[in-house]
Amino acid sequence: MTTQTDSTAPTESATTATTDPTAPSPRALRVLALCGFPLLAACLVVTAVLGLTDAIEGDGVGGGFLTAGFWSLVLGAVAGAAALAVPRRALVAAQYALAFAGPLLAALD
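Predicted model only: the values in this text are computed from it and were never measured.

By the secondary structure assignment, Ser-72 is in helix α3 (residues 64-85). Polar contacts involving the side chain of Ser-72 include one to the main-chain carbonyl oxygen of Leu-98, which spans 2.6 Å. Once residues within four sequence positions are removed from consideration, Ser-72 is found in contact with Leu-98, Ala-101, Gly-102 and Leu-105.

Next up, the structure:
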């Protein structure tokens with residue numbers, strides 16, 4: 001005795017694995033990425049102020065951490081632009097993490 005299976009019925013793993021109901025929409029990710037650019041600008045100002053303060057009070061030479069802080073902001077802007085084009089959660093998270101890493105690295109110098 002054989003049982004026939006209905007080939008038109010979707011399997012359970014195919015329907016549950018494709019979408020996550022708690023994931024943010026692409027529009028929300030684009031808005032978050034767009035809001036990250038003013039944050040990057042503010043962090044750029046803070047990083048520049050920390051660099052100038054170190055130049056005046058310190059030895060007058062910017063160190064490697066200050067350079068890494070500015071590069072972190074550049075990479076954050078690239079991640080934000082990529083998140084606008086292709087909205088991914090990881091790109092938006094990288095944009096915000098790199099924005100906060102800029103002043104932190106400049107403060108370590």
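The end-to-end C-alpha separation of helix α4 (residues 89-108) is 29 Å, in line with the 28 Å expected for 20 residues at 1.5 Å each. At Ala-101, α4 is bent by approximately 25 degrees, the largest bend along its length, and proline Pro-103 sits one to four residues beyond.

A surface patch of nonpolar side chains, about 320 Å² in accessible area, is lined by Phe-65, Leu-104 and Leu-108. Tracing the backbone through its elements, the reader meets Leu-108 in helix α4. According to the relative accessible area criterion, Leu-108 is exposed, its value standing at 54%.

Our next topic: the packing of α3 against α4. Contact pair α3 / α4: the axes reach a minimum separation of 7 Å and the direction vectors enclose 165 degrees. If you check the angle between α3 and α4, you find them roughly antiparallel. By crossing handedness, the relation of α3 to α4 is classed as left-handed. Each of Phe-65, Leu-66, Ala-68, Gly-69, Ser-72, Leu-73, Leu-75, Gly-76, Ala-79, Gly-80, Ala-82 and Ala-83 in α3 lies in contact with α4, whose residues at this interface are Leu-91, Val-92, Ala-94, Gln-95, Leu-98, Ala-99, Ala-101, Gly-102, Leu-105, Ala-106 and Leu-108. The residue makeup of the contact of α3 with α4, split by class, is 17 nonpolar, six polar and no charged.

Let us now look at α3. An ideal rise of 1.5 Å per residue puts 32 Å on 22 residues; α3 measures up with 32 Å between its terminal C-alpha atoms. Looking at the buried side of α3, the elements it contacts are α2 (26-57) and α4.

Glancing now at the packing of α2 against α3. It is at 9 Å that the axes of α2 and α3 come closest, and there the two elements cross at 170 degrees. Regarding the angle of α2 to α3, the classification is roughly antiparallel. Where α2 crosses over α3, the two elements pack in a sense that is left-handed. Listed contacts from α3 to Arg-30, Ala-33, Leu-34, Phe-37, Leu-40, Cys-43, Leu-44, Thr-47, Ala-48 and Gly-51 of α2 are Leu-66, Phe-70, Leu-73, Gly-76, Ala-77, Gly-80, Ala-81, Ala-83, Leu-84 and Ala-85. Each residue belonging to the contact of α2 with α3 can be placed in one class, and the counts come to 15 nonpolar, four polar and one charged.

Each value, and the rule that gives it
Residues numbered from 1 in each chain as written. Predicted model: local features only at pLDDT ≥ 70, side-chain atom pairs only at ≥ 80, totals over all residues. Heavy atoms only, no water. Helix = DSSP H or I, 4+ residues; strand = E, 2+ residues; numbered from the N terminus. Polar contact = N/O pair within 3.5 Å; in protein donor to acceptor, adjacent residues only side chain to side chain. Contact = heavy atoms within 4.5 Å. Expected span 1.5 Å × (residues − 1). Bend = angle between axes of the 7 residues up to and from the residue. Patch = residues over 30% accessible without salt bridge, like charges linked within 9 Å, V, L, I, M, F, W, Y side chains within 5 Å. Areas by Shrake-Rupley, 256 points an atom, 1.4 Å probe, with all protein chains shown as cover. Salt bridge = Lys/Arg side-chain N within 4 Å of Asp/Glu carboxyl O. Buried < 20%, exposed > 50% of the residue type's maximum accessible area, 1.4 Å probe, protein only. Axes fitted to C-alpha atoms, helices over the stretch in contact; angles between N-to-C directions. Parallel < 35°, antiparallel > 145°, perpendicular 65-115°, else oblique. Left-handed = near helix turned anticlockwise from the far one by under 90°. Nonpolar A, V, L, I, M, F, W, Y, C, P; charged D, E, K, R; others polar.

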